[in-house]
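# Structural description and commentary
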Amino acid sequence: MTKPPRTGHETRRDHVAQDDLLQPEEAQAEDNQSDTPAEDGAAERSTEEQETTDEQDGAGLSGEELLVEEGEIAGDYLEQLLDVLDYDGDIDMDVDGRRAVVSVEGGRDLGRLVGQSGDVLDALQELTRLAVQQQTGVRSRLMLDVAGWRAGKRTELTRLGKSVAERVKDTGEREELKPMTPFERKIVHDAVASVDGVYSESVGTDSSRRVVVLLA
């Protein structure tokens with residue numbers, strides 16, 4: 001699905017699955033839920049039930065049509081933002097599972113939209129979700145990546161999780177990682193789960209919450 005680009009920005013809008021894009025956490029309220037793997041199932045089922053209701057309320061659109069519409073709205077919002085900031089960037093819009101996925105690539109100044117440890121990117125994602133919700137009336141779970149930051153972080157944390165898991169498997173001693181955000185912990189949990197003989201859990205509260213890897 002392609003729409004002619006606006007002046008100064010190349011916009012590519014493809015409706016395809018994009019499994020390699022980093023999966024961020026849900027909206028901030030959902031971020032406060034436990035990310036311990038054993039507890040994810042019930043929370044995910046509850047979220048999916050709410051999403052089904054939201055999708056049915058979205059101006060009569062089917063779930064897939066609504067996600068495509070979310071991507072279009074988000075793309076327009078981000079194009080306007082880039083124009084105001086006078087930043088260059090290519091905007092890609094996809095649908096991955098039950099989410100609209102938007103990524104901004106190619107601009108020289110895009111790092112400023114990521115910020116330290118992705119804090120600016122997280123804030124921008126929430127603003128984009130709100131812009132989408134204003135037009136659709138439906139809570140958005142849209143994913144936003146800028147300059148490949150989330151994708152790069154996924155690769156880095158996946159490598160870390162597997163490395164720690166293998167070390168715990170060899171030594172039999174538990175390892176506790178540094179505090180991480182919910183989205184970072186989720187990636188580590190997934191990486192640890194791919195290694196037999198070990199498991200992970202989250203301990204601590206708020207900004208001190210971290211992943212612990214233990215022998216099964």
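Preceding this section is the structure that the text describes.
The structure reproduced in this document is the subject of the present report. (Residues numbered from 1 in each chain as written. Predicted model: local features only at pLDDT ≥ 70, side-chain atom pairs only at ≥ 80, totals over all residues. Heavy atoms only, no water.)

## Quick notes on the overall build of the chain
This is how it is decided: The way it works is that DSSP assigns letters per residue, a run of H or I at least four long becomes a helix, a run of E at least two long becomes a strand, and they are numbered from the N terminus. The cut-offs for exposure are 20% and 50% of the maximum accessible area for each residue type, with area from a 1.4 Å probe on protein chains only; residues under the lower value are buried, those over the upper are exposed, and the others partly exposed. We call two residues in contact whenever any of their non-hydrogen atoms come within 4.5 Å of each other. Under the convention used here, a 1.4 Å probe and the Shrake-Rupley method define accessible areas, while residue burial counts only the protein chains that appear.
Across its full length, the chain holds six helices and seven strands. Reading the chain from its N terminus to its C terminus gives the helix and strand order β-α-α-α-β-β-α-β-α-β-α-β-β. A buried classification covers 45% of the 216 residues belonging to the chain. If you take every contact in the chain between residues at least 6 apart in sequence, the share linking residues at least 24 apart comes to 67%. Put simply, the chain shows about 11,200 Å² of open surface, and 46% of that area lies on carbon and sulfur atoms.

## Here's the deal with helix 5 (residues 149-171)
Here is the rule: To estimate how far a helix should extend, the number of its residues minus one is multiplied by 1.5 Å.
Given a rise of 1.5 Å per residue, 23 residues ought to cover 33 Å, and the 33 Å separating the end C-alpha atoms of helix 5 matches this to within 8%. Taken as a whole, helix 5 has its buried residues at Trp 149, Arg 150, Lys 153, Arg 154, Leu 157, Gly 161, Val 164, Ala 165 and Val 168. Gly 172 lies just past helix 5 and shows a positive phi near 80°.

## Let's talk about the packing of helix 5 against helix 6 (residues 182-193)
Rule in force here: What counts as an axis is a line fitted to C-alpha atoms, over the stretch in contact for a helix, and the angles between N-to-C directions run from 0 to 180 degrees. These descriptions rest on fixed angle ranges, namely under 35 degrees for roughly parallel, over 145 for roughly antiparallel, 65 to 115 for roughly perpendicular, and the rest for oblique. Handedness of a crossing is defined here by the sense of rotation of the near helix relative to the far one, left-handed for an anticlockwise turn of less than a right angle and right-handed for a clockwise turn. Gly is placed with the polar residues, together with every amino acid not listed as nonpolar (Ala, Val, Leu, Ile, Met, Phe, Trp, Tyr, Cys and Pro) or charged (Asp, Glu, Lys and Arg).
Where helix 5 contacts helix 6, the two axes come as close as 8 Å, and the packing angle between them is 45°. By the angle between their directions, the pair helix 5 and helix 6 is classed as oblique. Between helix 5 and helix 6 lies a crossing of right-handed hand. Residues Trp 149, Arg 150, Lys 153, Arg 154, Leu 157, Thr 158, Gly 161, Lys 162 and Ala 165 of helix 5 touch helix 6, and the partners they reach there are Phe 183, Glu 184, Ile 187, Val 188, Ala 191 and Val 192. A breakdown of the residues in the contact of helix 5 with helix 6 according to their chemical character gives eight nonpolar, two polar and five charged.

## Considerations on the nonpolar core
Rule in force here: Residues enter a nonpolar core if they are buried and are Ala, Val, Leu, Ile, Met, Phe, Trp, Tyr or Cys, with the set joined through side-chain atoms within 4.5 Å.
Core analysis: the biggest nonpolar cluster contains 34 residues, and Val 102, Val 104, Leu 144 and Val 146 have the highest contact counts within it. Elements represented by at least two residues in this core include exactly helix 3 (63-85), strand 2 (90-96), strand 3 (99-105), helix 4 (119-136), strand 4 (143-146), helix 5, helix 6 and strand 7 (210-215). At five residues, helix 5 tops the list of elements feeding residues into this core. In contact with Val 146, not counting residues within four places along its chain, are Val 104, Leu 110, Leu 113, Val 114, Leu 121 and Leu 124.

## As for the pattern of salt bridges
Between side chains of opposite charge, a pair can form when the charged atoms approach closely. Put simply, the rule reads: What makes a salt bridge here is a side-chain nitrogen of Lys or Arg within 4 Å of a carboxyl oxygen of Asp or Glu, nothing more.
Per the stated rule, a full pass over the model turns up eight salt bridges. Between Glu 184 and Lys 153 there is a salt bridge; the shortest N-O distance is 3.9 Å. Of the two residues, Glu 184 is situated in helix 6 and Lys 153 in helix 5; the sequence distance between them amounts to 31 residues. The residues Glu 184 and Lys 153 share a single accessibility class, namely buried. A salt bridge links Glu 176 to Arg 210, with the shortest nitrogen-to-oxygen separation between them at 3.6 Å. Of this pair, Glu 176 sits in strand 5 (residues 175-176) while Arg 210 sits in strand 7, and the two are 34 residues apart along the sequence. By relative accessible area, Glu 176 is classed as partly exposed at 43%. A relative accessible area of 22% places Arg 210 in the partly exposed class. The network of salt bridges with common partners includes Lys 153, Glu 156 and Glu 184.

## Digging into the packing of helix 3 against helix 4
One way to put it is that helix 3 packs onto helix 4 with a least axis distance of 9 Å and a crossing angle of 120°. With respect to their mutual orientation, helix 3 and helix 4 come out oblique. For the pair helix 3 and helix 4, the crossing hand works out as right-handed. In this structure, helix 3 contributes Leu 66, Glu 70, Ile 73, Ala 74, Tyr 77, Leu 78 and Leu 81 to the contact, and helix 4 contributes Leu 124, Leu 127, Thr 128, Ala 131, Val 132, Gln 135 and Thr 136. Classifying every residue of the contact of helix 3 with helix 4 gives ten nonpolar, three polar and one charged.

## Re the sheet that holds strand 5
Basically, it comes down to this: If DSSP finds at least two bridges between two strands, the strands pair.
Ordered by their spatial adjacency, three strands build an open sheet running 5-7-6, and the pairing between neighbours is antiparallel. One side of each edge strand has no neighbouring strand; the edge strands of this open sheet are strand 5 and strand 6 (198-203). Docked against the sheet, helix 5 engages strand 5, strand 6 and strand 7, running at close to 35° with respect to strand 7. Relative to the sheet, helix 6 contacts strand 6 and strand 7, its axis offset from that of strand 6 by approximately 160°.

Shape descriptors only; they carry no functional weight alone.
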